Amino acid sequence: MNSFNNLKHLEAEAIHIMREVVAEFSNPAMLYSVGKDSSVMLHLLQKAFYPASPPMPLVHVDTQWKFKEMIAFRDKRAKEVGMELIVYSNPKGKELNISPFKHGSAMHTDIMKTEALKNMLNIYKFDAVFGGARRDEEKSRSKERIYSFRDENHRWNPKSQRPELWNIFNGRHKQDESIRVFPLSNWTELDIWQYIYSENIAIPELYFAKKRKVVEYMGTKIMLDDERVPKELRDNAKEEMVRFRTLGCYPLTGAINSNASTLQEIIQEMLLSTTSERHGRVIDSDGGASMEEKKQEGYF
Amino acid sequence: MLDDSKTIEQYLQKYDNQDICRFITCGSVDDGKSTLIGRLLYDSKMFFEDQLSAIKKDSKKFGTTGDKIDLALLVDGLASEREQGITIDVAYRYFSTAKRKYIIADTPGHEQYTRNMATGASTADIAIILIDARKGVLTQTKRHSYIATLLGIKNIIVAINKMDLVDFSQERYQKIVRQYEKEVLEHLNVHESNIKTDYIPISALEGDNIVSSSKNCSWYKGRPLMELLDTMVLTTKSTQKDAEFRFPVQYVNRPHLNFRGFCGTIASGTISVGDEVSVLPSQKHSRVKSIISNEIKDLRVKTEDEGLEITEKAFAPMSTTIVLEDEIDISRGDIIVKRNAEVEISNKFSAMLVWMSETPLSLHKNYLIKRATSVINGNFSSIEYKKDVNTFEKLTADKLELNEIAKCTISFDREIAADSYTQNKYMGSFIVIDKHTNETLGAGMIDSCIKKQDRISKRQYTEEELALNQYVRKNYPEWGCLKL
């Protein structure tokens, strides 16, 4: 093996960022979404503070509609790493009994994710929150800094973002200001999978292909995760070999047909499907999409 | 993307040897910068005929290249953000080959150029300087080359683009190469700074000399761009690893009384268990007891009695944790070096300063200076000269404004251990922070130590040593030996 390859560089950079934040901020937290990027970030945090436990809590904003497996995985991992787990759900959502099936995804997301996150931050007053976003995810993210400053209302002000040179980060902030930190900024999706493979990092089973009960809903295939799925959908469900490429709320997360049941097979499928996905987009844009739209969409 | 690997296992094995390389592309829209980036991103992916035809269609509709593919369409031009008033400094883009993963720092080429380019160049190993074959060396070519070398980039690729528009003329190419040598390189101290320059004739638009050697200019015997990038020896990396050991302490990890680890990113060099070390600026000494492994298998939290996963050696640019033999006082911001290492300790340095704020630099005003892992008070007492980045002239100045570069004298309220930026990028760089707004105002690179603190004088010398000192000073004045 190469003494210091691409992944080792990315690992060192992420650990540097994590330690810098812990040294300069008084109340950091890691936003734990239970997905693959979060799994990598948690692994890196453990490495950064070994043999101690990472000096911050894990925070999960629970929308009440996550896959059951995700919740079980979350609790198991938190116990294993010995970090405090804070789970927050917006009480307003519980009160109104918000359901993506009934109220639509926009309202669900707004109340159970965006508003919930802000409420949680107001309650716990974290001054630095680690997130797993990457610059390669979409074009608008390619300009995002590693330290993303937020004002007292958690708003991002483009004018107050700071230039980042070398590995020197300016973490000075006023009392009510906070930052979102993205230690995985320079990782690509492929890097994430390669790192999971080489470090043998635990990820939820949902990423691996298995026979699961799914049904067509809003143009995607969703899994029947619990009895809250409306009856007419349940009646049309079929068992298929599927897996998930991203994890979120089960009514809003589309499954893909796949036989990839090992990490190697997932990586192989990803390498091949990236191209076909792009191929699909090119055809889409053929239907008269403007250059601006195409730019916004983010071709690469 | 599976390229020539037969199986996924072979592919993963190959990936294990993949290196990382960061580069910056310098040029304006007119030089074909977006087209070049689009070309590199495009050509590094698996190439499909149907994709090509789809982009061809788009290019006819929206592009500026007629019937040809407009690869610039694939790269965000950053224009819309500027219209929205968003300050963009650098956009980062990614592609990989079997040998290296690349991070491109793409900077918008307009008003904020110096500030943006300095940001992108600060982490880059290579600068690709684009020159339009029809226009030759322009003012901006000088500016780009100066900033790239000021920020310590050692590998420069001068890509002479749009060769298709000058009929792939060898004569035209050679003329530009000579022009670059004379008008740019001669002014940049390239030999002293160990800078390596490669020239390559390309057409980003047509793909000449990008992935494979172009038939249109068979007179060019060098490698195509992608191969050049893949095989280039990255001077920034090798010098960082070969330089003397420097370890800015970032965080002290103390989970229980039996463990006190000093965490940080190794700025340069190598450290091994048993090495004698000094802590600066306090100059206390100890020895390395253990180094936490980089390949920890079992990450569970360890109790006091459990053994830890350790290693014999660590090197730059690893993020590591070091344990010392002795209980000495060390905190964040201190620098661990090998014992007897030659490091300047002072509170006064001369430095090159790039100003990045709309608020001009105020001489004698107190700023916060963040260097490596320490934040200290500092002020600039004088400006030696301001550099005209377009003409390389040194100008007198008493103020420094946005996007200007100057050589200044900086004083700190305490002593720090530092190296010059050219010797050690991570020991000699700093940012300037406003105490009240917390804004990052500028970026600096230490040039040399002004008030040398006579460290040696603290030692008690024997008569023999004093006599030797006197003898050396008397007979070898050219050695510049200090008086004890």
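1. Remarks on the overall build of chain B
Moving on, step 1. Looking only at helices and strands, chain B has 10 helices and 23 strands in total.
Moving on, step 2. Residues classed as buried in chain B amount to 43% of the 484 residues present.
Moving on, step 3. Nonlocal contacts in chain B, meaning residues at least 24 apart in sequence, comprise 71% of its contacts between residues at least 6 apart.

2. A look at the environment of Leu224 of chain A
Residue and element names in this part refer to chain A.
Moving on, step 1. Relative to the helices and strands, Leu224 resides in the loop between strand E8 (220–223) and helix H7 (231–235).
Moving on, step 2. Between the C-alpha atoms of Leu224 and Lys238, which are 14 residues apart in sequence, the distance is 9.6 Å.
Moving on, step 3. Leu224 has contacts with Lys213, Val215, Val229, Arg234 and Ala237, leaving out every residue within four places of it along the chain.

3. As for the pairing of strand E6 (residues 196–201) of chain B
All names here are of chain B.
Moving on, step 1. Pairing between strand E5 (residues 155–161) and E6: 6 bridges, direction parallel. When the sheet's bridge partners are listed, Asn155 is paired in E6 with Lys196.
Moving on, step 2. Chirality of the crossover, the property in question, places the unit of E5, helix H7 (residues 170–183) and E6 among those that are right-handed.

4. With respect to the confidence of the model for chain B
Residue and element names in this part refer to chain B.
Moving on, step 1. Looking at chain B, pLDDT values average 87 and 87% of them are 70 or higher.
Moving on, step 2. Here residues 46–51 is a poorly scored stretch, pLDDT under 50, and it has 7 contacts once near neighbours within four places are set aside; other chains count.
Moving on, step 3. Interface confidence in the predicted complex, given as ipTM, is 0.88; pTM for the same model is 0.89.

5. A short note on the nonpolar core
Moving on, step 1. Counting 186 residues, the largest nonpolar core has Met30 and Val181 of chain A together with Ala121, Ala127 and Ala159 of chain B as its most contacted members.
Moving on, step 2. Here this core takes 9 residues from helix H1 (residues 6–24) of chain A, the largest share from any one element.
Moving on, step 3. Residues in contact with Ala159 of chain B, not counting those within four places in the same chain, are Ile128, Ile129, Leu130, Ile200, Ile202 and Leu225 of chain B.

6. Topic: the pairing of strand E2 (residues 58–61) of chain A
All names here are of chain A.
Moving on, step 1. Taking every second residue as pointing to the same face, both faces of E2 are buried, with Leu58 and His60 on one and Val59 and Val61 on the other.
Moving on, step 2. Relative to E2, strand E1 (residues 28–31) runs parallel, the two sharing 2 bridges. Looking at E2, one finds that Met30 is bridged to Leu58.
Moving on, step 3. In terms of handedness, the path from E1 via helix H2 (residues 36–49) over to E2 forms a crossover that is right-handed.
Moving on, step 4. Relative to strand E3 (residues 85–88), E2 is paired through 4 bridges, and the arrangement is parallel. Bridging from a neighbouring strand, Leu58 pairs with Leu85 of E3.

7. Examining the sheet that holds E8 of chain A
Residues and elements named next belong to chain A.
Moving on, step 1. As summarised here, the arrangement of the 4 strands in space is E8-E7-E9-E10, forming an open sheet in which the pairing is antiparallel. On the outer flanks of this sheet lie E8 and strand E10 (256–257), each paired with one strand and no other.
Moving on, step 2. With 4 bridges joining them, strand E7 (residues 210–217) and E8 adopt antiparallel strand pairing. Within the sheet, the bridge partner assigned to Tyr217 lies in E8 and is Thr220.

8. Re helix H5 (residues 113–121) of chain B
Moving on, step 1. The element H5 of chain B is largely enclosed, with a buried count of 8 among its 9 residues.
Moving on, step 2. Taken as a whole, H5 of chain B has its buried residues at Thr114, Arg115, Asn116, Met117, Ala118, Thr119, Gly120 and Ala121 of chain B.

9. Some remarks on the packing of H5 of chain B against helix H6 (residues 139–150) of chain B
Packed helices, taken two at a time, are described by their axes: the angle between them and the distance between them.
Residues and elements named next belong to chain B.
Moving on, step 1. Closest axis-to-axis distance for the H5/H6 pair is 9 Å, and the angle between their directions is 40 degrees. In terms of axis orientation, H5 runs oblique to H6. Crossing handedness for the pair H5 and H6: right-handed. Side by side, H5 and H6 meet where Thr114, Met117, Ala118 and Ala121 of the first sit next to His144, Ile147 and Ala148 of the second.
Moving on, step 2. Each residue belonging to the contact of H5 with H6 can be placed in one class, and the counts come to 5 nonpolar, 2 polar and no charged.

10. So, the domain arrangement of chain A
Residue and element names in this part refer to chain A.
Moving on, step 1. For chain A, the assigned domains are domain 1 (6–191) and domain 2 (208–284).
Moving on, step 2. Each of domain 1 and domain 2 was reduced to a C-alpha centroid, and the two centroids are 25 Å apart.
Moving on, step 3. Split by residue class, the side of domain 1 that touches domain 2 holds 6 nonpolar, 4 polar and 2 charged.

11. Some thoughts on unusual backbone geometry
Moving on, step 1. Looking along the chain, the bond that leaves Tyr50 of chain A and enters Pro51 of chain A is cis, with omega of 5 degrees.
Moving on, step 2. Assignment of secondary structure puts Pro51 of chain A in the loop between H2 and E2.
Moving on, step 3. The backbone of Asn209 of chain B sits at a positive phi, close to 60 degrees, despite the residue not being glycine.
Moving on, step 4. Its location among the elements puts Asn209 of chain B in the loop between E6 and helix H8 (225–231).
Moving on, step 5. For Asn438 of chain B, which is not glycine, the phi torsion reads 65 degrees and is therefore positive.

Each value, and the rule that gives it
- Residues numbered from 1 in each chain as written.
- Chains lettered and ligands numbered in written order.
- Predicted model: local features only at pLDDT ≥ 70, side-chain atom pairs only at ≥ 80, totals over all residues.
- Helix = DSSP H or I, 4+ residues; strand = E, 2+ residues; numbered from the N terminus.
- Buried ≥ 20, exposed ≤ 12 C-beta atoms within 10 Å, placed from the backbone.
- Contact = placed C-beta atoms within 7 Å.
- Pairing = 2+ DSSP bridges.
- Right-handed = clockwise from strand over helix to strand, strands pointing away.
- pLDDT = per-residue confidence, 0-100.
- Core = buried A, V, L, I, M, F, W, Y, C linked by C-beta atoms within 7 Å.
- Axes fitted to C-alpha atoms, helices over the stretch in contact; angles between N-to-C directions.
- Parallel < 35°, antiparallel > 145°, perpendicular 65-115°, else oblique.
- Left-handed = near helix turned anticlockwise from the far one by under 90°.
- Nonpolar A, V, L, I, M, F, W, Y, C, P; charged D, E, K, R; others polar.
- Domains from an automatic or database assignment.

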